[in-house]
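Take a look at the letters that make up each chain.
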Amino acid sequence: MLSVLLLAQLQGCAFDENLNSHDLRGTVKIPLAATQFLYGSGDDAQILDDIRALGPLYLGVYPGIEEGLYPYPHPAMGPILSEGQDGNAYPYGGNTVGRFDWACYQQLVCKVSTGRFEDYADIIDFFDNVLEDPIRTLNGEVVGSSTEFQERCFEVEYATGDNEMLFVGERDFRIEGDFLVADVVIPHVPMNDGMKVWGWVDMPSPSYEYSTCDPTVGDTVNYYAESYDLGTNAIDVLNYPGKYIDYGDWVVQVPAEITDPNVDFELVVDFHYVEEE
Amino acid sequence: MNNQIMLLATGLTLLACDRSGDDYVPAADGTYPAVIDVGEMAVMTADRLQELRSEGSNARSWCQDNVDGEGNPYCYYGLLGQAPTGVKGGATFTFRGTGDRVCIVTDPETVFWNTAVASVNPDDKYSYADLEQDDGDIDLFAGLSSYYTGSPGVELGDFKGFYTDALGNSVAIEYGECFQYGAQSGMNNAHAGRASAEYCTINTSNRDGKLYTVVLESFAVPLNDGGLGFGAVVLDGSCGDYVINECTLFGEGLEAQFDENDDVSVDENGEQVALTRACTVQLEQASCDGALQSFCCEYPALCGEDGDQSQCEEAPALPDDLSCPSYCDVYADMDANCTPPSE
């Protein structure tokens, strides 16, 4: 009797709800040249080259991509409802490669993405030797060692292991020829034959700020005398991409068309949006 | 024996299935219209609002007597009835864009508060119970009339439109422009609870003279008389320019007058004849003044039946401006402390 019951229950696992919801899988490729970015202004302006400066790569699935809306291909928009604001692009779904994460110090709010730094020393090295703007505590003391960084993180995040620090660990991108390549999954997308996967990489401004990150929102830290927002990306980045894409960002020129959700897509982020001379 | 107890318990449990909840909804008997259209209203200035507020319980007649050059009233007070099951009830009216911000306000009857029941340091202002049966609830919506889907006076609609994307998918779009922000962060399309005023600012820039529709959806109709009294007004400027609360519009606790056939009387303009229920203006003012406890102790018929009278021994004295001399004339049968009128 029990066996029959168990068998009947197991049969339930095979029940197909026939939902039109699919996990789209594929790869995104970014030219190695995308690791270069302009840093500083005036006489101090310089071109730096470091993979760790890549902000999140945003991927959206859209009904269509249009030319002419912006200097780069942009998702088709719905009706304009508010003066001065684009129409909503009404994405079917999306995901990112890397996301903003707070790396324990106020100075690092909206400055660190996941999947870019291998460990604490990597972050210290980047800010120390690449940006030449060392990480400092609220008292102005330079953070000089991984141990100090880790200890601070464990304290302020009430954490017990590095596995809780999502901003350090394996990098999202691997180098394949002239490209940085990442595997991506865009979960739970309703299948619409002919829909397009499109996206862009948010690159830092010359003052090392990311246009998709708002430092005044997100979680809040309240730790002794410290009280401030930890920043996160704006909630409508996929609905209004044109609002956030800025000079220096890399944009997909040719979207990937989805006709079969079970076939992997490949996307190349190959258009560098720069200010015309 | 155990089986018999189980059977009895099951039978008792099944009896609960007879409970329909009808007692919490007034009958849709047509005494008051469930759907009305007020027509076009004029936008009111802050000075005129002050004038209206000073009228107290005469607010409704002030609104009927004061119209703009086009004959449109500056405000409206009316009564709505319970809509039949499956039908949205409410009122609609229109106004024209001024080219600037306007503030739409509606206030359903009468005053509601949650009774303070804390055993330690209860908020005395709210320690007397509310009379919930005289409270209604209206949800406010508004947008350009061109997007409105309802039939004024016949059927309530909304401001939803549909956009078809490049692949033929239909996406619902909210064209309504009246958004209220809730007490919790992130609630940007909220509605106030029973008897509370609802209001929102609409920016009509570049739409000077364009027609807007306001929908006052009757969310809950009071149980005491099945009539939902309300006031509505469109104010010049942003809602932030005004203090909007229970006392922005006085006298919305309306009571219809009935003729010899027990039908609601109507005047020569077809409007229902209704007067503000006695002492409700003072109740509204007491709510705004934080004097509900004193008011309810003095005039218990206006407040909850199960109000704890023991608190009245220590309640502050009622200020003179909140006194209601006609109380015992109207509520003598509900308050044993009123001396019966001599024969």
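Above this note sits the structure.
Undergrad: I would appreciate a short explanation of the overall build of chain B in the present structure.
TA: A tally of helices and strands in chain B yields six helices and 12 strands. Its C-alpha atoms give chain B a radius of gyration of 23 Å, within 12% of the compact-globule value 20 Å for 343 residues. Dimensions of chain B, computed from C-alpha atoms along their principal axes, come out at roughly 70 × 65 × 50 Å. For chain B, with 343 residues in total, the buried portion stands at 45%.

Undergrad: Which parts of the structure should I look at to understand the sheet that holds strand 9 (residues 211-220) of chain B?
TA: Adjacent strands of a sheet pair through backbone hydrogen bonds, lying either parallel or antiparallel. Residue and element names in this part refer to chain B. With mixed pairing, four strands are arranged side by side in an open sheet as 1-3-9-5. On the outer flanks of this sheet lie strand 1 (35-40) and strand 5 (137-144), each paired with one strand and no other. Neighbour-to-neighbour, the strand axes of this sheet turn through a mean angle of 15°, independent of strand direction.

Undergrad: Sorry if this is basic, but what is going on with the pattern of salt bridges here?
TA: For side chains bearing opposite charge, pairing can occur when the charged atoms are close. All told, the structure shown has 18 salt bridges over all chains when counted by the stated rule. Arg194(B) is paired through a salt bridge with Glu132(B); the nearest N and O atoms lie 3.5 Å apart. Separated by 62 residues along the polypeptide, Arg194(B) in the loop between strand 7 (170-174) and strand 8 (198-203) and Glu132(B) in the loop between strand 4 (101-108) and strand 5 bring together distant segments of the chain. Judged by relative accessible area, which is 43%, Glu132(B) ranks as partly exposed. When salt bridges that share partners are traced, they join Asp50(A), Arg52(A), Asp122(A), Asp125(A) and Arg171(A) into one network.

Undergrad: How do you make sense of the interface of chain B and chain A when you look at a structure like this?
TA: The extent of an interface is frequently quoted as the accessible surface area lost upon association of the parts. Contact residues are listed per partner, giving 11 residues for chain B and 12 residues for chain A. Where chain B abuts chain A, roughly 850 Å² becomes buried across the two surfaces, and 63% of that area is made up of carbon and sulfur atoms. Sorting the residues of chain B by area buried against chain A places Tyr163(B), Leu167(B) and Ile173(B) first, and these three jointly supply 49% of that buried surface. The interface formed by chain B and chain A contains four residue pairs in polar contact (both at pLDDT 80 or more). Here the element with the most residues in the side of chain B that touches chain A is strand 7 of chain B; it accounts for three residues. Class assignment of the residues belonging to the side of chain B that touches chain A gives a composition of six nonpolar, three polar and two charged.

Undergrad: Sorry if this is basic, but what is going on with the side chain of Asp335(B) here?
TA: Residues and elements named next belong to chain B. Turning to its location among the elements, Asp 335 is positioned in the segment after helix 6 (327-331). Engagement of the side chain of Asp 335 in a polar contact is seen with the side chain of Tyr 327, the distance being 2.7 Å. When near neighbours in sequence (up to four residues on either side) are disregarded, Asp 335 contacts Pro 300 and Tyr 327.

Undergrad: Please explain the sheet that holds strand 2 (residues 75-81) of chain B as it appears in this structure.
TA: Residue and element names in this part refer to chain B. Read across the open sheet, the four strands follow the order 2-10-4-8; overall the sheet is antiparallel. Two strands bound the open sheet, and with one partner strand each, they are strand 2 and strand 8. Adjacent strand axes in the sheet meet at a mean angle of 20°, parallel and antiparallel pairs treated alike. Relative to strand 10 (residues 227-236), strand 4 runs antiparallel, the two being bridged by seven bridges. The residue of strand 10 that forms the bridge with Thr 106 is Ala 232.

Undergrad: I would appreciate a short explanation of the pairing of strand 10 (residues 195-201) of chain A in the present structure.
TA: All names here are of chain A. The buried fraction of strand 10 is high, at seven of seven residues. Because side chains alternate across strand 10, one face comprises the buried residues Met 195, Val 197, Gly 199 and Val 201, and the other comprises Lys 196, Trp 198 and Trp 200, equally buried. Looking at chain direction, strand 4 (residues 57-62) and strand 10 are connected through six bridges and run antiparallel. By the bridge assignment, Tyr 62 is partnered in strand 10 with Lys 196.

Undergrad: Explain the pairing of strand 7 of chain B here, please?
TA: In regular strands, side chains alternate between the two faces of the sheet. Residue and element names in this part refer to chain B. Every second residue of strand 7 is oriented toward a common face, the buried set being Val 171 and Ile 173 and the non-buried set Ser 170, Ala 172 and Glu 174. When strand 6 (residues 160-164) meets strand 7, the two strands line up antiparallel, connected through five bridges. Note that in strand 7 the partner of Gly 161 across the bridge is Ile 173. Where strand 6 folds back onto strand 7 in an antiparallel hairpin, the turn is made up of five residues, including Gly 168, whose phi is positive at roughly 85°.

What counts and how
- What you see as residue numbers is a count from 1 along each chain, following the sequence as written.
- Labels are handed out in written order, letters beginning with A for the chains and numbers beginning with 1 for the ligands.
- Side-chain atom pairs in this predicted model are given and counted only at pLDDT of 80 or more, local residue features only at pLDDT of at least 70, and totals for whole chains, interfaces and linings cover all residues.
- Side-chain measures here rest on the full set of heavy atoms in the structure, leaving out hydrogens and waters.
- Under the scheme used here, helices are H or I runs from DSSP no shorter than 4 residues and strands are E runs no shorter than 2 residues, and both carry numbers assigned from the N terminus.
- Using C-alpha atoms as the atom set, the radius of gyration is obtained and then compared with a globule rule of 2.2 Å times the number of residues to the power 0.38.
- Only protein chains enter the accessibility calculation, which uses a 1.4 Å probe; a residue is then buried when its area is under 20% of its type maximum, exposed when over 50%, and partly exposed in between.
- Two strands form a pair only when DSSP identifies at least two bridges running between them.
- Comment: axis = line fitted to C-alpha atoms, over the contacting stretch for helices; angle = value between 0 and 180 degrees taken between N-to-C directions.
- Salt bridges are counted wherever a side-chain nitrogen of Lys or Arg sits within 4 Å of a carboxyl oxygen of Asp or Glu.
- The contact criterion used throughout is that any non-hydrogen atoms of two residues lie within 4.5 Å.
- When two parts are brought into contact, each loses some accessible area as probed by a 1.4 Å sphere; the total of that loss over both is the buried area.
- Any N or O atom pair separated by 3.5 Å or less is treated as a polar contact, with the protein-specific requirement of one donor-capable and one acceptor-capable atom, and with residues adjacent in sequence counted only for side-chain atom pairs.
- Polar here means any residue other than Ala, Val, Leu, Ile, Met, Phe, Trp, Tyr, Cys and Pro, which are nonpolar, and Asp, Glu, Lys and Arg, which are charged; Gly is therefore polar.

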